[in-house]
Amino acid sequence: MPTASPRKPRKKKGALPPVAGLPKRVKRRGWKALFGGPSFFGNLATTILTFLILMSIYSLITGVAQPNKEIPLSAVAADVAAGKVSAITVNGDALNLSYADGSAKTSRKDPSAGLPETLATYGVTPEELAKVAITIQGQSGFEFWFLNLAPIFIPILFIAFLFWFLSRQVRGAGMQAFSFGQSKARITDPADSSQRVTFADVAGAREAKEELFEIVDFLKNPKKFLDIGARIPKGIILMGAPGTGKTLLARAVAGEAGVPFFSISGSEFVEMFVGVGASRVRDLFQMAKKAAPAIIFVDEIDAVGRTRGAGMGGGNDEREQTLNQILVEMDGFEPTEKVVVMAATNRPDVLDPALLRPGRFDRRVTIDLPDRRDREEILKIHARKKPLGPDVVLSVIAERTPGFSGAELYSLMNEGAILAARDNRKEVTQYDLIRSIEKVMLGPERKSHLLSQKEKELTAYHEAGHALVSSVLEHADPVHKISIISRGRAAGYTLKLPFDDRKMQSKKQFLDDIAATLGGYVAEEMLFDDVTTGPSNDLQVITALARDMVSRYGMSDKLGPIAFGERELGREPYSEQVAAEIDAEVSRIIEEGKARAAKVIGEHRGALDAIAKELMEKETVERDGFEKILVLNGITPKKKEEDIRAAAPLQK
Ligand code: ADP
Ligand code: ZN
Ligand code: MG
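A quick note: this is a predicted structure, and the numbers were derived from the prediction, not measured.

About the cut-offs
- Residues numbered from 1 in each chain as written.
- Chains lettered and ligands numbered in written order.
- Predicted model: local features only at pLDDT ≥ 70, side-chain atom pairs only at ≥ 80, totals over all residues.
- Heavy atoms only, no water.
- Pairing = 2+ DSSP bridges.
- Helix = DSSP H or I, 4+ residues; strand = E, 2+ residues; numbered from the N terminus.
- Axes fitted to C-alpha atoms, helices over the stretch in contact; angles between N-to-C directions.
- Contact = heavy atoms within 4.5 Å.
- Near = heavy atom within 4 Å.
- Polar contact = N/O pair within 3.5 Å; in protein donor to acceptor, adjacent residues only side chain to side chain.
- Areas by Shrake-Rupley, 256 points an atom, 1.4 Å probe, with all protein chains shown as cover.
- Nonpolar A, V, L, I, M, F, W, Y, C, P; charged D, E, K, R; others polar.
- Domains from an automatic or database assignment.
- Phe/Tyr/Trp six-rings, centres within 6.5 Å; stacked < 30°, edge-to-face > 60°.
- Buried < 20%, exposed > 50% of the residue type's maximum accessible area, 1.4 Å probe, protein only.
- Lys NZ or Arg CZ within 6 Å of the ring centre and 35° of its normal.

Comments concerning the sheet that holds strand β3 (residues 94-99)
Then step 1. Pairing within the open sheet is mixed, and its 4 strands lie in the order β4-β3-β2-β5. A single partner strand is all that each edge strand has here, and the edge strands are β4 (104-108) and β5 (133-137). Averaged over neighbouring strand pairs, the angle between their axes works out to 20 degrees when direction is ignored.
Then step 2. Judged from the 6 bridges that link them, strand β2 (residues 85-91) and β3 form a sheet pairing that is antiparallel. Looking at the pairing, Val90 lines up with Leu95 of β3.

Okay, here's the thing in structure tokens:
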């Protein structure tokens, strides 16, 4: 039963959302790729068959021109001299003889010599020849050319066809077909417009785009930079929370520059066998250099680029070798190399400093979570192909989704379209989108998950506890909606939205947040004198938050402004004693939060009962109804201009 505030600090670890439209992994390799896989032999058979058919057609045609009853020239001369021949038709070098007795024969003469001369050399006198009707027949154009040129051209045509056929197979397999060997890289061909991404597809991230524009300029126009002796950055690292569009932006750089984009994920380097990763890196860089100007993109580089020597042997050897190979390759770049290496990570804190040294990934581009304006732009981009109803106001959706990443906004739009399609509507409505916000944030509603009367009461009080404490404490976020309809893994939820996009959070906000999150636990304990497993997620969240406050943000008075590193096996950034002190501080913060929550609930018991009662009746209470209850119980609701606007169109 979490309090869902989208502003909650996100865990930085974890899998990235699936990326739409990435090029397919190259599976075909070596000869199989070159020849288009197993079907190649089938195709070869077709080719040979075609060839044989062509040949037999050829011999058929030439065969017709050469009937069998061919006699030597000497016999022709003899027959002419004997007066047996009545007519001769000359067709090129072919002679068709008609005999006085009606029979016909053929013969051949030397093509360069005329028939009378030829016969004369065989001793035929002009008088004897005069008795024969000689017709000179021109060969028809086609026949002439075909018969003369076919023997030369058919093989050439055949070979040309074979080449065309093979090259088509190769192109079918994509550019990868040429010796992509082991690298496992995906490649986006700049000519493939279906996969092309440009800066227009990336909303917001203005600073990042500005930085990257220089890279685009270089890749488009390397000569301009090289002529003036400018050293172009070899490595650019994109840093930002998951789903903020790092991968998208890297692809957009390639798309804008119109260069091939070799992309591989850091985790793909990490294989079982030592040395495979390093050889993949070598392969990848070699390919990119051949295709230069080009971009190499190593996604999730933290998988290989973690601080070296941090862990225990085994798989780390492999990681280290891979990382070393990346560094070696980058150091080995000629100053004139037109290959730019980009990398992305959501954990810049764990990267090996060697990666970030000058001459390597020395350009850092940070991508923040989108602010309200950017969120609206991102929504617009993803609404492009979705027909929106006339009531849709994307700015309102943007206002209600602080803390959403680009990827989450993308899935929000998508969920909205799915809701519309499920109702067989042709347009996405505002209500579809509003429902999708909660779905993306908390998972789908589970209306079938029926609570017993007792569970319902417990859940209602739990959520009422969150909502009440959140409303009373000054720095906590205002409540937009409370519900005891279960969603995802939560039995109920309290939706809070911060007033605006806050890039920074203060200690006071954190403390009020912790108290509000404990409000559920405290309400259960007070009312039922018992605690359920319900708040376990709440407790996880606040424990992590309190620990971060103490060890990362320097928010503990006792330990002071020190950022303690993470304790991992084999790495001890601080002593056992400090570890114990941190634990003690975490406990103290949580205890204090609990006491503050208990104080609020004790003082406003009437409000708590009223909220819980309303929840049990209606299951979902929107902001207006909630604030009416607060006012009736003497609590002034939090108000702010912008916030009021955002809340207006909520329906249900
Ligand atoms: P990351 O690599 O930072 O985890 P991705 O680039 O994979 O994030 O983003 C995932 C998806 O989210 C993208 O494919 C895109 O649809 C959407 N998205 C993220 N950021 C933006 C943005 N700034 N503009 C438009 N769409 C975005
Ligand atoms: Zn809760
Ligand atoms: Mg990514």
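There is more to say after this.
Notes on the sheet that holds strand β9 (residues 294-299)
Then step 1. Spatial strand order, β6-β8-β9-β10-β7-β11: 6 strands in an open sheet with mixed pairing. Every other strand in the sheet has two partners, leaving β6 (186-188) and β11 (363-367) as the edge strands with one partner each. The average angle at which neighbouring strand axes cross in this sheet is 20 degrees, direction not considered.
Then step 2. For strand β7 (residues 235-240) and β11, the ladder comprises 5 bridges, and the chain directions are parallel. By the bridge assignment, Gly240 is partnered in β11 with Ile367.
Then step 3. Docked against the sheet, helix α9 (residues 246-257) engages β7, β8 (261-265), β9, β10 (339-345) and β11, running at close to 170 degrees with respect to β9.

Digging into the site of ligand 1
Then step 1. Taken together, 18 residues lie around ligand 1, and Ala203, Gly243, Lys246, Thr247 and Leu248 are the ones closest in.
Then step 2. A distance of 3.0 Å is found between an oxygen atom of ligand 1 and a backbone nitrogen or oxygen belonging to Gly245.
Then step 3. Compared with its free state, where it exposes 560 Å², ligand 1 has 97% of that area covered by protein.
Then step 4. Looking at the shell around ligand 1, the elements that each hand over two or more residues are α9, α14 (372-383) and α16 (406-422).
Then step 5. Residues belonging to the shell around ligand 1 are distributed by class as follows: 10 nonpolar, 6 polar and 2 charged.
Then step 6. Counting only domains with at least three residues in the shell around ligand 1, you end up with domain 3 (185-367) and domain 4 (372-442).

Notes on the packing of aromatic side chains
Then step 1. Tallying each qualifying case throughout the model produces 5 aromatic pairs.
Then step 2. Judged by centre distance (5.8 Å) and plane angle (85 degrees), the ring pair of Phe218 and Phe225 falls under edge-to-face. Across this residue pair, the class does not change: Phe218 and Phe225 are buried.
Then step 3. Between the aromatic rings of Tyr461 and Phe528, the centroid separation amounts to 6.1 Å while the plane-to-plane angle is 80 degrees, which identifies the pairing as edge-to-face. Here Tyr461, found in helix α18 (residues 453-472), pairs with Phe528, found in helix α19 (residues 507-528); they are 67 residues apart in sequence, far enough to count as distant. One exposure class covers both Tyr461 and Phe528, and it is buried.
Then step 4. In this structure, Lys105 packs its charged tip against the face of Tyr99, placed 5.0 Å from the ring centre.

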